[in-house]
Amino acid sequence: MITKRTDLALEARELWQESAEKTSRLSGVKAEKTKREGYPVTTVKILDQEGAKALGKPVGNYRTVDLTSYWQRKPEFFERAVRTLGGELRELLPGEGTVLVVGLGNRAMTPDAIGPEVLSHLLVTRHLISAMPKQFAGFRPVAAFGAGVLGTTGVESAEAVRALVRETKPDVVIAVDALAARRMGRVCNTVQLSDTGIIPGSGVGNHREALDRRTLGVPVIAVGVPTVVDGATLAADLLEEAGITDIDEKKLRSHGKNVTVTPRDIDAQVRDLSKVVGYAVNWALQDLEIEEINALLS
C-alpha cells in the first residue's frame, strides 16, 4: 500500500483502518464524533504507545473541527465557527496563567502563512497588564511571537521559542501552523487542535525540531490548519478511486517529487481562516464576546 502523508490524526486513523484487516481492532485509540454550534467535531484520543505506533503520532488528544459548511455563509457562520474552535481550545488549556501564542510559518509563502496571519487578529495583553494592572485586571496575560523561518532568520523556530519561554515564563504555549492533509476536501475546511505540541514546517514538508512539553518545559497546545496535500498522496488516492491498485510508489513519488497541491484561491482562504483562528484564541482566553473583540481590535 502507498505511504500517504497527513498531519491529521483523524486521517491517520482512517489510513490504518483502510490498511488493516476487517476483523482487526485498533488498540490504544479511541474516537468519538460530536457537534458544536452546528460544526462536526471528531476527537481522536491516542491512549498508549501501541496506539501512537499505529498512527505515527504522540500519545494525546486530537480534536478536528470540520468547517466545510463555514464557506456556505449561513447565518452567524463566523461567530459559530469562533465559538466552536474557542470552546474546543478552552477545554485543552489550563484555566489561568500567562499564554504565549507562537505563529509558525513563512508569511511570504501563502500556504505557510496561517501562523503569522493569526497573530494580526490576536489581543496581546501581557504588557498592558504589567503597565496598568488595575485597568486590565480582568484580562489574561497574552504575548505573541512570530517565529519566522530558518531561511530568513538563521535561527530555528524551536531555538527562538525556547529562549523566549525561558525569559517570559508562560504557563502554556499555543503554537499555530499550517498542516498537510491527505484529502483535498479537508484543505482549508478543517482545524486540528491537540495537546501534544507541533513540529514546525509540517505543512510544507520541511520538518524541524518539535515544540512540545519536552523541548519547552511547559504544555504546548497546537492549532493546525491543513493548507496543502502532498502530490503523490493525492495522485495515489485518485488512482485508487478509479480502481487502479497496482501502483508503483517509487515511480509515483519520482514524478511527484517536491510537489504539493493547494487551492487556487488559497490567499483568500488563509486570510479568512486566520481571522477565525485568531478570534477563537481570543474567545478561549478572554472573558469577552465577539463584538467586544471586534471593538478592541479595530
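Residues numbered from 1 in each chain as written. Predicted model: local features only at pLDDT ≥ 70, side-chain atom pairs only at ≥ 80, totals over all residues. Heavy atoms only, no water.

S.K.: Just to check I follow, could you spell out the overall build of the protein chain for this structure?
M.R.: Across its full length, the protein chain carries 12 helices and 9 strands. Expected size for 298 residues packed as a compact globule is a radius of gyration near 19 Å; at 19 Å, the protein chain falls within 12% of this value. Taken along the three principal axes of its C-alpha coordinates, the protein chain extends 70 × 45 × 40 Å. Sorting the 298 residues of the protein chain into buried and exposed places 52% on the buried side. (Helix = DSSP H or I, 4+ residues; strand = E, 2+ residues; numbered from the N terminus. Rg over C-alpha atoms; globule rule 2.2 N^0.38 Å. Buried < 20%, exposed > 50% of the residue type's maximum accessible area, 1.4 Å probe, protein only.)

S.K.: So what exactly am I meant to see when it comes to the environment of K4 here?
M.R.: Along the chain, K4 falls in the segment before helix 1 (9-19). Judged by its relative accessible area of 9%, K4 is buried. Residues in contact with K4, not counting those within four places in the same chain, are L15, E18, R182, T233, A236, D237, E240 and R253. Engagement of the side chain of K4 in a polar contact is seen with the side chain of D237, the distance being 2.7 Å. Within polar-contact distance, the side chain of K4 engages the side chain of E240 at 2.6 Å. (Contact = heavy atoms within 4.5 Å. Polar contact = N/O pair within 3.5 Å; in protein donor to acceptor, adjacent residues only side chain to side chain.)

S.K.: Teacher, can you tell me more about the pattern of salt bridges here?
M.R.: A side chain of one charge can pair with a side chain of the opposite charge when the charged atoms of the two come close. Scanning all chains against the criterion turns up 16 salt bridges. Taking the shortest distance from any N to any O, the salt bridge between E76 and R83 comes out at 3.9 Å. With relative accessibility at 22%, the residue R83 sits in the partly exposed group. (Salt bridge = Lys/Arg side-chain N within 4 Å of Asp/Glu carboxyl O.)

S.K.: When you look at the packing of aromatic side chains in this model, what are you seeing that I'm missing?
M.R.: Inspection of the entire model under this criterion finds 4 aromatic pairs. An angle of 70 degrees between the planes, with centres 5.4 Å apart, marks the rings of F78 and Y279 as edge-to-face. Within this pair, whereas F78 is found in helix 3 (residues 77-92), its partner Y279 is found in helix 11 (residues 266-285), the two being separated by 201 residues in sequence. Residue Y279 is classed as buried on the basis of its relative accessible area, which comes to 4%. (Phe/Tyr/Trp six-rings, centres within 6.5 Å; stacked < 30°, edge-to-face > 60°.)

S.K.: Got a minute to help me understand a negative patch on the surface in this structure?
M.R.: There is a patch of like negative charges on the surface, built from D287, E289, E291 and E292. Along the chain, the position of D287 falls in the loop between helix 11 and helix 12 (290-297). (Patch = residues over 30% accessible without salt bridge, like charges linked within 9 Å, V, L, I, M, F, W, Y side chains within 5 Å. Areas by Shrake-Rupley, 256 points an atom, 1.4 Å probe, with all protein chains shown as cover. Lys, Arg positive; Asp, Glu negative; His and termini not counted. Charge placed at Lys NZ, Arg CZ, Asp CG, Glu CD.)

S.K.: Which parts of the structure should I look at to understand unusual backbone geometry?
M.R.: Keep in mind that most residues, glycine aside, have a negative phi and that most peptide bonds are trans. Positioned with a positive phi, R73 is a non-glycine residue whose angle comes to about 55 degrees. As for its position among the elements, R73 is in the loop between strand 3 (60-66) and helix 3. The backbone of E76 shows a phi angle near 55 degrees, a positive value even though the residue is not glycine. Position of E76 relative to the elements: it lies in the loop between strand 3 and helix 3.

S.K.: Looking at this model, I keep getting lost on the nonpolar core. Mind explaining?
M.R.: Across soluble globular proteins, you tend to see nonpolar side chains buried next to one another. Residues L67, L85, L89, V101 and I174 are the most contacted members of the largest nonpolar core, which totals 67 residues. With 11 residues, the single largest contributor to this core is helix 11. Residues within four places of L85 in sequence aside, it is in contact with V65, L67, V191, L193, V276, V277 and A280. The next biggest cluster of nonpolar side chains, apart from the first, holds 10 residues, and it includes A12, V44, I46 and A52. (Core = buried A, V, L, I, M, F, W, Y, C linked by side-chain atoms within 4.5 Å.)

S.K.: Looking at this model, I keep getting lost on the environment of V270. Mind explaining?
M.R.: By secondary structure assignment, the location of V270 is in helix 11. Along the backbone, V270 and L179 are 91 residues apart, and their C-alpha atoms lie at a distance of 12 Å. In this view, V270 contacts T110, A113, I114, E117 and T227; residues no more than four positions away in its chain are not counted.

S.K.: Would you take a moment to explain the confidence of the model for the protein chain for this structure?
M.R.: Any region with low pLDDT has predicted coordinates that should not be read closely. A residue-level look at the protein chain finds 94% of positions with pLDDT of 70 or above and a mean pLDDT of 90. Ranking the elements of the protein chain by mean pLDDT puts helix 10 (residues 249-255) last with 72 and strand 7 (residues 190-194) first with 98. (pLDDT = per-residue confidence, 0-100.)

S.K.: Could you clarify how one ought to interpret helix 1 in this entry?
M.R.: Turn by turn, an α-helix covers 3.6 residues, leaving residues three or four places apart pointing in a common direction. Within the sequence span of helix 1, burial applies to A9, L10, E11, A12, E14, L15 and W16. In this fold, the buried residues of helix 1 make contact with strand 2 (39-46), helix 2 (49-55), strand 3, strand 6 (172-181) and strand 7.

S.K.: Teacher, can you tell me more about the packing of helix 3 against helix 11 here?
M.R.: Geometrically, a packed helix pair is captured by the angle between its two axes and the distance between the axes. Remark: helix 3 packs on helix 11, axes separated minimally by 8 Å, with the N-to-C direction vectors making an angle of 55 degrees. In terms of their interaxial angle, helix 3 and helix 11 are classed as oblique. Helix-helix and strand crossings are classified by hand; for helix 3 and helix 11 the assignment is right-handed. Residues F78, A81, V82, R83, L85, G86, G87, L89 and R90 of helix 3 touch helix 11, and the partners they reach there are K275, V276, V277, Y279, A280, V281, W283 and A284. (Axes fitted to C-alpha atoms, helices over the stretch in contact; angles between N-to-C directions. Parallel < 35°, antiparallel > 145°, perpendicular 65-115°, else oblique. Left-handed = near helix turned anticlockwise from the far one by under 90°.)

S.K.: Hey, could you run me through the packing of helix 11 against helix 12 in this one?
M.R.: Between helix 11 and helix 12, the least distance of the axes is 10 Å, while the angle of their chain directions is 115 degrees. With respect to helix 12, the axis of helix 11 lies roughly perpendicular. Considering the relative orientation of helix 11 and helix 12, their crossing is right-handed. Of the residues in helix 12, those in contact with Y279, N282 and W283 of helix 11 are I290, I293, N294 and L297.

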